Amino acid sequence: MAQSRSDARRLGVFLLLLYLFLILLPVILAALQGREPRPWRDDLASGLAMAGFAMLLAEFLLSGRSRRLSARVGMDVVMRFHQFMGHALLLFLLFHPFLYSLPMNVQPYGEPDAATWLSLPLWPGVTGLLAWMGLGLLVLLAVARDALPFRYEAWRFWHGFGALVIALFALHHTLAVGRYSQEPLLAAFWWVATALAVLALLHVHLWTPLRQRRRPYRVTSLDRAADRTWVVELEPDKAAGHDGSAFPYRAGQFAWLKLKRPLFRITEHPFSLSSAPAASAQLEFTIKEAGDFTSRIGELPLGTRAYLDGPYGNFTLEEGDARPLVLIAGGVGMAPIMSLLRQLKASGSLRSIVLLQANRHEGQILYRTELAEMAQSMPLRVHYMLAEPPANWPDLSGIPDGDALEQLLPEEQRRSSVYYVCGPAAMIDVIEAALDHRFRVPAEQVCSERFRYSFGARAGSAGRALLAFSAITLVALGAVLAFALR
Ligand SMILES: Cc1cc2nc3c(=O)[nH]c(=O)nc-3n(C[C@H](O)[C@H](O)[C@H](O)COP(=O)(O)OP(=O)(O)OC[C@H]3O[C@@H](n4cnc5c(N)ncnc54)[C@H](O)[C@@H]3O)c2cc1C
């Protein structure tokens, strides 16, 4: 069932409050123990450690591929929150050891003469230090990911596995020397939260592949659609055990695709479906050569085994919405937009649509023939914009920006339209900024899909609200922590 963007915003606020409650829960449980207050620096240190550890465990859930969450609030919002909170928890956990003013006097094993190291019992000291150093390394490698000489898949595997090892070290350290975590209730909280984090990881790397094994697909067609871009079609492989049921996606969503490789290897990549459920039983992906995996797509033999995990994402049409549409695609960002167009056509929609497809050169234009046919049978106006147009190019030239929108759309249509934008991050940033600042189009009327989850990308208005909320939350959290434990 489609939900409106304002429902999604309300749900987002609810989830943020729930998040805040959950990461504060260990602090609340500690405060309820009614222990003697210590110097404020020591309680702040304990509070930061507890909130930071709870945030670390929540990171597993945030990256745990919830289809429902991504369909409601959007995968890139979830991923940015994951990245932002990763930075915040790093600060919490890196600083906490330096705030203590009292020596540790926890003797967890009932051995008053236990060896100590850095004023902590030996093993909790070692696990604490390893978790502390590992966390710094994990975040550093995530921030510098694009500059690293490893394959993305290898990075992704080590990011998840490394986070798990860090969480287990942190659990040992917390249960052994955490002043408040000696109480059974708080200790139980840590066990349950760590178990949930492990389950989230197992869900992605074990449960999902096992489920996929029962639903194999095969490649039934492969065509060159444009310069370095391929259209791949899949259908359920009934001979290999697929029950033939339809993949339950909505137009504009994406799936994680694994080709050929053995089931448990981490070789999956996210791609938007360019087919539409109302238009075709075949599943179609439009894939541009971008790196080691995609650059070999054109060599796939027909019949290659494929597995899908999905659908994910909220780049979808709202049910019952009749407002005019403006679709803006940059390069292979045309894939989910083609899915929306095919869905609108198959459902006999009468919505007025303006499509702007932007590319560098003419050889990159996608679906030109099909779009020309569509424009004959539905209220669709198609424009092609080229950064490097040939001589006498009859349509737009340059890159999509506020001026291009002004040129294409009369003021009334600019204000009343719903916008779907997909393409390079820089293009999305420029369009979102123009819609927001220059044309004052409400954020609720703008939906964008990013093909890269980059922390540095400019936040749209929803993203800005999220970041502002997160920043305020963190400052408030710091203040609450300092006083709650006193
Ligand atoms: C929601 C979403 C939808 C997408 N839809 C399409 C589409 O319809 N058509 C299309 O051509 N491309 C799409 N992409 C981009 C596509 O996933 C990458 O181009 C592809 O994974 C690159 O893999 P590679 O090994 O060839 O290149 P690499 O050189 O390994 O990667 C290039 C960049 O792609 C991203 N990337 C690579 N692997 C992954 C991965 N496993 N998970 C997440 N990001 C990864 C990283 O940012 C990386 O820096 C989409 C991406 C996302 C996030």
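Thresholds applied
- Residues numbered from 1 in each chain as written.
- Predicted model: local features only at pLDDT ≥ 70, side-chain atom pairs only at ≥ 80, totals over all residues.
- Heavy atoms only, no water.
- Helix = DSSP H or I, 4+ residues; strand = E, 2+ residues; numbered from the N terminus.
- Polar contact = N/O pair within 3.5 Å; in protein donor to acceptor, adjacent residues only side chain to side chain.
- Near = heavy atom within 4 Å.
- Areas by Shrake-Rupley, 256 points an atom, 1.4 Å probe, with all protein chains shown as cover.
- Pairing = 2+ DSSP bridges.
- Axes fitted to C-alpha atoms, helices over the stretch in contact; angles between N-to-C directions.
- Patch = residues over 30% accessible without salt bridge, like charges linked within 9 Å, V, L, I, M, F, W, Y side chains within 5 Å.
- Salt bridge = Lys/Arg side-chain N within 4 Å of Asp/Glu carboxyl O.
- Buried < 20%, exposed > 50% of the residue type's maximum accessible area, 1.4 Å probe, protein only.
- Expected span 1.5 Å × (residues − 1).
- Right-handed = clockwise from strand over helix to strand, strands pointing away.
- Disulfide = S-S within 2.5 Å.

(A) Focus on the environment of Glu268. When you line up the elements, Glu268 lands in the loop between strand S5 (254-259) and strand S6 (269-272). Taking the C-alpha atoms as reference points, Glu268 and Asp309, 41 residues apart in sequence, are found 8.9 Å from one another. In this structure the side chain of Glu268 is engaged in a polar contact, spanning 2.9 Å, whose partner is the side chain of Arg156.

(B) Fine view of the site of the ligand. The environment of the ligand is made up of 24 residues, and the closest members are Glu268, His269, Pro270, Lys288 and Thr294. The backbone of Lys288 places a nitrogen or oxygen atom 2.7 Å from an oxygen atom of the ligand. Contact distances for the ligand include 3.2 Å between an oxygen atom and a backbone N or O atom of Phe293. Notes on the ligand: free accessible area 880 Å², of which the protein chains cover 90%. Residue assignment for the shell around the ligand shows that the elements contributing at least two residues are S5, S6 and strand S7 (283-288). It is S6 that provides the largest number of residues to the shell around the ligand, a total of 4 residues.

(C) How the structure looks around the sheet that holds S7. If you trace the 6 strands from one edge of the open sheet to the other, you get S6-S5-S8-S3-S4-S7, paired in antiparallel fashion. What marks the edges here is a single partner per strand, and that holds for S6 and S7. Direction aside, the axes of adjacent strands within the sheet are offset by 40° on average. As paired strands, strand S3 (residues 217-226) and strand S4 (residues 229-236) are joined by 8 bridges and run antiparallel to one another.

(D) Representation of a nonpolar patch on the surface in the model. A cluster of nonpolar side chains, contributed by Leu61, Val192, Leu196, Leu199, Leu202, Leu206, Trp207 and Leu210, occupies part of the molecular surface with about 730 Å² of accessible area. Mapped onto the elements, Val192 comes out in helix H7 (residues 184-213). Classification of Val192 as exposed rests on a relative accessible area of 51%.

(E) Inspection of helix H12 (residues 425-438) at higher detail. End to end, H12 covers 19 Å across 14 residues, agreeing with the expected 20 Å (1.5 Å per residue, within 8%). Of all the residues in H12, the buried ones are Met427, Ile428, Asp429, Ile431, Glu432, Ala434, Leu435 and Asp436.

(F) Structural view of the sheet that holds strand S12 (residues 396-397). Overall, parallel pairing links the 6 strands, which are arranged S12-S11-S10-S9-S13-S14 in an open sheet. Each edge of the open sheet carries a strand with a single partner, namely S12 and strand S14 (446-450). Relative to strand S10 (residues 353-359), strand S9 (residues 325-330) runs parallel, the two being bridged by 6 bridges. Looking at the pairing, Ala329 lines up with Gln357 of S10.

(G) Layout of the pairing of S9. Here S9 lies mainly inside the structure; 6 of its 6 residues are buried. Of the two faces of S9, the one carrying Leu325, Leu327 and Ala329 and the one carrying Val326, Ile328 and Gly330 are both buried. Viewed along the sheet, the connection from S9 through helix H8 (residues 334-346) into S10 turns out right-handed.

(H) How the structure looks around the state of the cysteines. The full count for this structure, using the stated rule, is 0 disulfides. The thiol of Cys422 is unpaired, and the distance to the nearest cysteine sulfur, on Cys447, comes to 9.5 Å. A residue is classified by how much of its surface remains accessible, and Cys422, at 0% relative accessible area, is buried. Using a relative accessible area of 5% as the deciding quantity, one classes Cys447 as buried.

Any functional reading would require information beyond the geometric quantities listed.
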